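The residues making up each chain are set out below.
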Amino acid sequence: MTDENDPSGATPSRRQKQSVTKIGNHALNPSTMMMGFGFDPALSEGSLKPPIFLTSTFVFETAAAGKRFFEGVTGKRPGGAEGLIYSRFNGPNQEILEDRLSIWEGADDALAFSSGMSAIATLFLAFVQPGDVIVHSGPLYAATEGLISKILGKFGVSYVDFPAGATREEIDAVLAQAKAKGRVSLIYLESPANPTNALVDVEAVAAARKAAFSGDDVPPIAMDNTFLGPLWAKPLAQGADLSIYSLTKYAGGHSDLVAGGLVGRKDLINQVRMMRNTIGTICDPNTAWMLLRSLETLELRMDKAGTNAEKVCAFLRDHPKVETVGYLGFLEEGSRQADIYRRHCTGAGSTFSLYLKGGEKEAFAFLDALQIAHLAVSLGGTETLASAPAAMTHLSVPDERKAALGITDNLVRISIGVENPDDLIADFENALKAV
Ligand SMILES: *Cc1c(COP(=O)(O)O)cnc(C)c1O
């Protein structure tokens, strides 16, 4: 996924044999390519798996080669760096990971980060200047909202937001409002939104951008695709330029690492790469190696978690102690959300909202009675997790905003894992008796 003729200071450097992407005319699927793409065992003593390259720096063969690499990494010379230099810029494990991350959304290129938040922060730092306006969908992951309003706000950056399910007309109005405030440097989306599960119409956002901006003023569209990506949603196909991941969640998938990823358009990725090179938000080689292992089972895990969630939600929906289940598989036929789902998503995911009849007392009784599901925040792991957003992740959100977002005391957030679905249903059925 690296282009030796790119002038931007990218670091395409791993010396590898051409990886197999096709057999005759048959293009390989991402799940197959996760086993070998981007790594040549012959370069590592025949080791089937990539070794973990625990090194801070790389030895140049000659002084002239070192100079050439630096000319590439600093953008002084077109062509990009031809070799590895220093582990704050990149390393073999991270490069293999980036190549494999790109595959799922058919992206030009990818970057790996030390966390989802460091990916998001590096993205903002790369594109935003004092006086700029960020347009974003709402709600966002709480730390992202804080980053935009509190931290970027300190540097004179303002924002305008629109609700996740907004129509084309509503998005047009928000873009006009933003343009009147200053230069719009980024359109930032999150879909489905946490914890409402409301979907953003990326196609409508892309069409609205096309109508509102031209020439050099066109702001990139970036979308946090942590909840449904990369299996069930591919926003690059609907007009987003960049897709962002907390790899901590489904991609890592075992609740044992923290990392982030960014995939998308090459020129934009290279801008972010320059910022990452400067501030050092790359993930470490060990984490990159663990993610390579995780990606081998990504489709298996997500498929299983998805069908598990379908079964569990079907059970919960009809239970007398349940008020409602906020699950993407239950969108009302003919609604705007169902229309976005049909155009943008290929699966309902495995993270949903369970509203019990009652309040905090009932939610806590349910959580405390679970025996298989663990009482923890986060999502996308092999194990089922459950938490109470109003009392935990969203505790500091002001009451009015909580009410507007449907973050009530009777809300339990559940991320379904890959356990046996009948066992999960037995666990939930038993816990509901305690309510
Ligand atoms: C967890 C999460 C993040 C932050 O990722 P970290 O890896 O915890 O830094 C960002 N966006 C969404 C939607 C998330 O769920």
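Residues numbered from 1 in each chain as written. Predicted model: local features only at pLDDT ≥ 70, side-chain atom pairs only at ≥ 80, totals over all residues. Heavy atoms only, no water.

**Some thoughts on the sheet that holds strand 12 (residues 374-375)**
1) Next: Ordered by their spatial adjacency, 5 strands build an open sheet running 10-11-14-13-12, and the pairing between neighbours is mixed. If you trace the sheet from one side to the other, it starts and ends with strand 10 (322-326) and strand 12, each paired once.
2) Next: As paired elements, strand 10 and strand 11 (residues 351-356) share 4 bridges and run antiparallel to each other. What sits directly across from Val322, in strand 11, is Leu356. (Pairing = 2+ DSSP bridges. Helix = DSSP H or I, 4+ residues; strand = E, 2+ residues; numbered from the N terminus.)

**Details of the site of the ligand**
1) Next: Inspection of the region around the ligand gives Ser115, Gly116, Met117, Tyr141, Glu190, Asp224, Thr226, Phe227, Ser246, Thr248, Lys249 and Ala259 as its neighbouring residues.
2) Next: Ser246 has a polar side-chain atom sitting 2.8 Å from an oxygen atom of the ligand.
3) Next: At 2.7 Å, a side-chain N or O of Lys249 approaches an oxygen atom of the ligand.
4) Next: A total of 380 Å² of accessible area belongs to the ligand in isolation, and the protein chains cover 92% of it.
5) Next: A breakdown of the residues in the shell around the ligand according to their chemical character gives 4 nonpolar, 5 polar and 3 charged.
6) Next: Domain assignment of the residues forming the shell around the ligand places at least three in each of domain 1 (1-115 + 248-296) and domain 2 (123-245). (Near = heavy atom within 4 Å. Polar contact = N/O pair within 3.5 Å; in protein donor to acceptor, adjacent residues only side chain to side chain. Areas by Shrake-Rupley, 256 points an atom, 1.4 Å probe, with all protein chains shown as cover. Nonpolar A, V, L, I, M, F, W, Y, C, P; charged D, E, K, R; others polar. Domains from an automatic or database assignment.)

**With respect to the domain arrangement of the protein**
1) Next: Annotation of the protein at the domain level lists domain 1 (1-115 + 248-296), domain 2 (123-245) and domain 3 (298-432).
2) Next: Summarising the inter-unit geometry, the C-alpha centres of domain 2 and domain 3 are found 26 Å apart.
3) Next: Listed per partner, the contact involves 27 residues of domain 2 and 30 residues of domain 3.
4) Next: In this assembly, domain 2 packs against domain 3 so that about 2300 Å² is buried in total across both faces, 58% of it on carbon and sulfur atoms.
5) Next: Its largest share of buried area at the contact with domain 3, domain 2 owes to Pro195, Leu199 and Trp232, together 32% of the area lost on that side.
6) Next: Between domain 2 and domain 3 we count 4 salt bridges in total.
7) Next: Across the contact surface, domain 2 and domain 3 share 16 residue pairs in polar contact (both at pLDDT 80 or more).
8) Next: Per element, the largest residue contribution to the side of domain 2 that touches domain 3 is 3 residues, and it comes from helix 7 (residues 202-212).
9) Next: Of the residues that constitute the side of domain 2 that touches domain 3, the class distribution is 15 nonpolar, 7 polar and 5 charged. (Contact = heavy atoms within 4.5 Å. Buried area = accessible area lost by both parts, 1.4 Å probe. Salt bridge = Lys/Arg side-chain N within 4 Å of Asp/Glu carboxyl O.)

**A look at the packing of helix 4 (residues 116-127) against helix 5 (residues 142-154)**
Geometry of a packed helix pair, given as the angle between the helix axes and the separation of the axes.
1) Next: One can describe the packing of helix 4 onto helix 5 by two numbers: an axis separation of 10 Å at closest approach and a directional angle of 35°. The crossing of helix 4 and helix 5 is right-handed. Counting all contacts with helix 4, which are made through Met117, Ile120, Ala121 and Phe124, the residues of helix 5 involved are Ala143, Thr144, Leu147, Ile148 and Leu152.
2) Next: Tallied by class, the residues present in the contact of helix 4 with helix 5 amount to 8 nonpolar, 1 polar and no charged. (Axes fitted to C-alpha atoms, helices over the stretch in contact; angles between N-to-C directions. Left-handed = near helix turned anticlockwise from the far one by under 90°.)

**Overview of the pairing of strand 14 (residues 411-415)**
1) Next: Most of strand 14 is tucked away: 5 of the 5 residues are buried.
2) Next: The two faces of strand 14 match: Leu411, Arg413 and Ser415 on one face and Val412 and Ile414 on the other face are all buried.
3) Next: Bridge count for strand 11 against strand 14 is 5 bridges, and the pairing is antiparallel. Bridge assignment links Thr351 to a residue of strand 14, and that residue is Ser415.
4) Next: Of the strand pairs in this sheet, strand 13 (residues 385-387) and strand 14 are connected by 3 bridges, and their pairing is antiparallel. Note on strand 14: the bridge partner recorded for Ala386 is Ile414. (Buried < 20%, exposed > 50% of the residue type's maximum accessible area, 1.4 Å probe, protein only.)

**A closer look at the sheet that holds strand 8 (residues 242-246)**
1) Next: Strand order in the open sheet made by the 7 strands is 3-9-8-7-6-4-5, with mixed pairing throughout. Since the sheet does not close on itself, it has two edges, and those belong to strand 3 (109-113) and strand 5 (158-163), each with one partner. Neighbour-to-neighbour, the strand axes of the sheet open up by a mean angle of 20°, direction not taken into account.
2) Next: Summarising the sheet, strand 8 and strand 9 (residues 260-264) pair through 5 bridges and their orientation is antiparallel. Following the sheet pairing, Ser246 is matched in strand 9 by Gly260.
3) Next: Helix 8 (residues 266-279) rests against strand 3, strand 8 and strand 9 of the sheet, and its axis sits at about 25° to strand 3.

**A short note on the packing of helix 3 (residues 92-104) against helix 9 (residues 285-296)**
1) Next: Look at helix 3 against helix 9: their axes get within 8 Å of each other, and the N-to-C directions meet at 35°. In the packing of helix 3 onto helix 9, the handedness of the crossing is left-handed. Residues Asn93, Gln94, Ile96, Leu97, Arg100, Leu101 and Trp104 of helix 3 form the contact with helix 9, whose participating residues are Pro285, Ala288, Trp289, Leu291, Leu292 and Leu295.
2) Next: Partitioned by chemical class, the residues of the contact of helix 3 with helix 9 number 10 nonpolar, 2 polar and 1 charged.

**Section: a negative patch on the surface**
1) Next: A cluster of acidic residues, Glu360, Asp399, Glu400 and Asp409, forms a negative patch at the surface.
2) Next: Its place among the elements puts Glu400 in helix 13 (residues 399-405). (Patch = residues over 30% accessible without salt bridge, like charges linked within 9 Å, V, L, I, M, F, W, Y side chains within 5 Å. Lys, Arg positive; Asp, Glu negative; His and termini not counted. Charge placed at Lys NZ, Arg CZ, Asp CG, Glu CD.)

**Quick notes on the environment of Phe113**
1) Next: Residue placement: Phe113 occurs in strand 3.
2) Next: For the pair Phe113 and Thr74, spaced 39 residues apart in sequence, the C-alpha separation works out to 20 Å.
3) Next: Beyond its immediate chain neighbours, meaning those up to four positions away, Phe113 contacts Ser118, Ala119, Thr122, Ala259, Gly260, Gly261, Leu262, Val272, Arg276, Thr281, Ile282 and Cys283.

**Regarding the nonpolar core**
1) Next: Judged by nonpolar contacts, the single largest core of 66 residues is most densely connected at Phe352, Leu354, Phe366 and Phe428.
2) Next: Counting residues per element, this core draws most heavily on helix 10 (residues 298-317), at 7 residues.
3) Next: Once you skip the residues sitting within four places of it in the chain, Phe366 turns out to touch Leu354, Leu356, Val412, Ile414, Phe428, Ala431, Leu432 and Val435.
4) Next: By size, the runner-up hydrophobic cluster in this structure holds 25 residues, among which are Ala204, Val205, Ala208 and Met223. (Core = buried A, V, L, I, M, F, W, Y, C linked by side-chain atoms within 4.5 Å.)

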